[in-house]
Amino acid sequence: MVPTAGTRGVSGPLPIILALPLAFTVTVVDPLVLNLNMPQVSRALHVPPQAVGLLGGAATLTMAASVLAAGRLGDAVGLKRLLKLGLVVVTVVDLLSGLSRGYGFLLAMRFLAGLGMTALLGVPLALLKVSVPPEKRPVAIGGLTAMRRSRSSTRST
């Protein structure tokens, strides 16, 4: 039996409220790390200049195209399981990306990373909604939103 918001243990929703923004952070940091290192990556892998943009945007493009499907998948397999799966996929794919010997392999890994990050982008708010009691939900959603805003504002500066 899965505990509902009203039957949570002593720890309450605080671990969830703190963990979900951290999971979301991966969707901001992962593409940023590649983009900051794109000159070195494109030189080392001999990426043609016209293909650099696709390499940088592959994960973001995949997230945008599949975020709605993540909601349906979360309903089918469970939000918590999908979030864990997303973290595992992103971790493994990023490790494999570091071993990349060519542009094609790295591009494929970026598309796969986008699939993993889709779960990390779409699931946190839904998981927060089912994990936090209704009376604490506005504060939790505000905290998650504030964490998202602060991360996106530091990325644009």
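Residues numbered from 1 in each chain as written. Predicted model: local features only at pLDDT ≥ 70, side-chain atom pairs only at ≥ 80, totals over all residues. Heavy atoms only, no water.

## A few points about the overall build of the chain
Working step 1: Tallying secondary structure elements over the chain gives six helices and zero strands in all.
Working step 2: Counting from the amino terminus, the chain carries its helices and strands in the arrangement α-α-α-α-α-α.
Working step 3: Each of the 157 residues in the chain was classed as buried or not, and the buried ones make up 38%.
Working step 4: The long-range share in the chain, meaning contacts at least 24 apart out of those at least 6 apart in sequence, stands at 74%.
Working step 5: Looking at the chain as shown, the accessible area adds up to about 9,200 Å², and 70% of this sits on carbon and sulfur atoms. (Helix = DSSP H or I, 4+ residues; strand = E, 2+ residues; numbered from the N terminus. Buried < 20%, exposed > 50% of the residue type's maximum accessible area, 1.4 Å probe, protein only. Contact = heavy atoms within 4.5 Å. Areas by Shrake-Rupley, 256 points an atom, 1.4 Å probe, with all protein chains shown as cover.)

## Looking at the confidence of the model for the chain
Working step 1: Overall, the predicted model of the chain reaches an average pLDDT of 82, with 85% of residues at or above 70.
Working step 2: Taken element by element, the chain is modelled with least confidence in helix α6 (residues 137–156), mean pLDDT 68, and with most confidence in helix α4 (residues 79–98), mean pLDDT 92.
Working step 3: Within the model, pLDDT remains below 50 along residues 1–10, and this stretch shows six contacts once partners closer than five positions in the same chain are excluded. (pLDDT = per-residue confidence, 0-100.)

## A word on the environment of Ala19
Working step 1: Its location among the elements puts Ala19 in helix α1 (residues 14–36).
Working step 2: Among the residues examined, Ala19 registers a relative accessible area of 40% and is labelled partly exposed.
Working step 3: Considering only alpha carbons, one finds Ala19 and Pro124, 105 residues apart in sequence, at a separation of 9.1 Å.

## Some details on the nonpolar core
Working step 1: By size, the foremost hydrophobic cluster in this structure holds 21 residues, and its most contacted members are Leu20, Leu83, Met117, Leu120, Val123, Leu127 and Leu128.
Working step 2: The set of elements that each furnish at least two residues to this core consists of α1, α3 (52–77), α4, α5 (103–131) and α6.
Working step 3: In terms of residues, this core owes the most to one element, α5, which gives eight residues.
Working step 4: When residues no more than four places from it in sequence are discounted, the contact partners of Leu127 are Leu20, Leu79, Lys80 and Leu83.
Working step 5: Grouped together as the second largest cluster of nonpolar side chains are eleven residues, Leu34, Val47, Leu55 and Leu107 included. (Core = buried A, V, L, I, M, F, W, Y, C linked by side-chain atoms within 4.5 Å.)

## Focus on the side chain of Thr62
Working step 1: Inspection of the secondary structure assignment puts Thr62 in helix α3.
Working step 2: Each residue touching Thr62, except ones within four places of it in the same chain, is listed here: Phe111, Gly114, Leu115 and Thr118.

## Brief notes about the packing of α1 against α3
Working step 1: Contact pair α1 / α3: the axes reach a minimum separation of 8 Å and the direction vectors enclose 160°. Compared by their axis directions, α1 and α3 come out roughly antiparallel. Crossing angle aside, the handedness with which α1 passes α3 is left-handed. Contact residues: Thr27, Pro31, Leu34 and Asn35 in α1; Leu55, Gly56, Thr60 and Met63 in α3.
Working step 2: Residue classes in the contact of α1 with α3 are distributed as four nonpolar, four polar and no charged. (Axes fitted to C-alpha atoms, helices over the stretch in contact; angles between N-to-C directions. Parallel < 35°, antiparallel > 145°, perpendicular 65-115°, else oblique. Left-handed = near helix turned anticlockwise from the far one by under 90°. Nonpolar A, V, L, I, M, F, W, Y, C, P; charged D, E, K, R; others polar.)

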